[in-house]
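For reference, the chains in residue letters:
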Amino acid sequence: MDLVEGEAKVVTLCGSTRFEAEFAEVNQRLTLDGCVVLSLGMFRLPDLPGYDWTVDGSDLKGRLGRVHLQKIRMADEVYIVDPGGYVGESTRREIAYAQSLGKPVRYLSREAPA
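As the structure is a prediction and not an experimental result, all values here were calculated from the model. (Residues numbered from 1 in each chain as written. Predicted model: local features only at pLDDT ≥ 70, side-chain atom pairs only at ≥ 80, totals over all residues. Heavy atoms only, no water.)

As for the confidence of the model for the protein
Selection criterion: Across the chain, each position has a pLDDT score giving the predictor's confidence in that residue, from 0 to 100. For helices the rule is a DSSP run of H or I covering at least 4 residues; for strands it is a run of E covering at least 2, with both sets numbered from the N terminus onward.
On average, residues of the protein score 88 in pLDDT, and 84% of them are at 70 or above. Confidence, read as mean pLDDT per element, is least for helix α2 (residues 60-74) in the protein (89) and greatest for strand β3 (residues 77-81) (98).

Take a look at the structure:
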């Protein structure tokens, strides 16, 4: 995806939902740097009346995962929010997907402290 001059870079954030505060921090920093940031839509599964997450008959988790893969496809770059270098199984799959698309992947844990 080639950027038009003056157009903002689109960055999709990936990582464990346990790092909500770090996602917010990275999102703010990249936004202030002039990037369009695509992040997680939610950090906890919502408490939906009458919805049984153990059964998940409507495949809501699957749909949310597919939406996130679309965010990766839309990105110019993928940024992994991995404090201490933690990358779980879902994030590893997202990294592999991004790499299969030729997307640059950057890691929070590998950046020099500010």
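Section: the pairing of β3
What counts, and what does not: Only protein chains enter the accessibility calculation, which uses a 1.4 Å probe; a residue whose area is less than 20% of its type maximum is buried, one above 50% is exposed, and one in between is partly exposed. Strand pairing is defined by DSSP finding a minimum of two bridges between the two strands. A clockwise path from the first strand over the helix to the second, with the strands pointing away from the viewer, defines a right-handed crossover.
For β3, the buried fraction is high: five of the five residues fall into the buried class. Burial of the side chains of β3 extends over both faces: E77, Y79 and V81 are buried on one face and V78 and I80 on the other. Of the pairings in the sheet, the one linking strand β1 (residues 10-15) to β3 comprises five bridges and is parallel in character. Residue pairing for β3: G15 is matched across the bridge by V81. As paired elements, β3 and strand β4 (residues 105-107) share three bridges and run parallel to each other. The residue of β4 that forms the bridge with I80 is Y107. Considered for its hand, the β-α-β crossover made up of β3, helix α3 (residues 89-100) and β4 is right-handed.

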